[in-house]
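# Architecture at a glance
Residues per chain are reported as follows:
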Amino acid sequence: RLERLCGDGVSAEAVPEHLRDVTFKLIPLENVNGRRKVEKGDLCERKNGRGVDTNRNFKVHWGFKEKDYDPAEEFPGAEPLSEPEAWLIDAMARRWRPHAWVNVHSGMEAMFVPYDHRATITTTSVGTAMPPVLKELNRRHCRGKCAVGSGGKEVGYLAHGTASDHMFEELGVPFSTTWEIYGDLRARNDDCFRMFNPLTREMLDDFATRWADM
């Protein structure tokens, strides 16, 4: 329901006025070929059809390799924006110039602000305003269970060449976030179905309702 996008106290009749100058662009699926691999049974696949992790293929701090770097897990490609998925997202954002970017992932429950490539939160005025907003969303919709902070600190490892860091630093998108909307941290590393998917109808309904109300 569109009135949910406008916040508490906004009636359905007032929605057109509130959203008159607002545009939402949704990309429901970025990695089509990777999705096909998962649907064929490779449930832990995260790369695209060319073997590249598209969330390591953006410009900001691209190609930096940590000591535990595993090319089978996070190969960044031959150069920044070498992959069509990353190139198209970058081109769309450059043309449209959004004020906000929300990158939806799964694997845990969290709301991250830049940066992913270092364990600190950006110190810009907009950047420091993001955590309080996300903490309120965490209280309302994640029941306080979501980690809130920089991706580089809260995940436990640094990620380089990510889309959210690229949007924030390269393209100047002021409100740039990554939302990890589901994850079972008790699952084994090789049990990716359980790690990324609610196992019962009750869990699915609860998860979908909470995030759809966002």
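Summary of the structure given here. This one's a predicted model, so the numbers in the text were calculated from it and none came from an experiment. (Residues numbered from 1 in each chain as written. Predicted model: local features only at pLDDT ≥ 70, side-chain atom pairs only at ≥ 80, totals over all residues. Heavy atoms only, no water.)

## What about the overall build of the chain?
Within the chain, the secondary structure is distributed over nine helices and four strands. Traced from its N-terminal end to its C-terminal end, the chain shows the element sequence α-α-α-α-β-β-α-β-α-α-β-α-α. Expected size for 214 residues packed as a compact globule is a radius of gyration near 17 Å; at 18 Å, the chain falls within 12% of this value. Dimensions of the chain, computed from the C-alpha atoms along their principal axes, are close to 50 × 40 × 30 Å. A burial count over the chain gives 41% of its 214 residues as buried. Across the chain, every contact between residues at least 6 apart in sequence was considered, and the portion connecting residues at least 24 apart equals 68%. A total accessible area of about 12600 Å² is found for the chain, and carbon and sulfur atoms account for 53% of it. A gap of 1 Å separates the mean positions of the 30 positive and 34 negative side-chain charges of the chain. (Helix = DSSP H or I, 4+ residues; strand = E, 2+ residues; numbered from the N terminus. Rg over C-alpha atoms; globule rule 2.2 N^0.38 Å. Buried < 20%, exposed > 50% of the residue type's maximum accessible area, 1.4 Å probe, protein only. Contact = heavy atoms within 4.5 Å. Areas by Shrake-Rupley, 256 points an atom, 1.4 Å probe, with all protein chains shown as cover. Lys, Arg positive; Asp, Glu negative; His and termini not counted. Charge placed at Lys NZ, Arg CZ, Asp CG, Glu CD.)

## Quick notes on the pattern of salt bridges
Two side chains of opposite charge can pair, provided their charged atoms sit close to one another. Under the definition given, this model contains 21 salt bridges. A salt bridge links E45 to K47; the nearest nitrogen and oxygen atoms lie 3.2 Å apart. For the pair E45 and K47, a shared accessibility class is recorded, and that class is buried. The closest approach of N and O atoms between R140 and E136, which form a salt bridge, is 2.9 Å. Taken together, the positions of R140 and E136, both in helix α5 (residues 125-141) and four residues apart, correspond to about one turn of that helix. (Salt bridge = Lys/Arg side-chain N within 4 Å of Asp/Glu carboxyl O.)

Any link to function would need more than the numbers given here.
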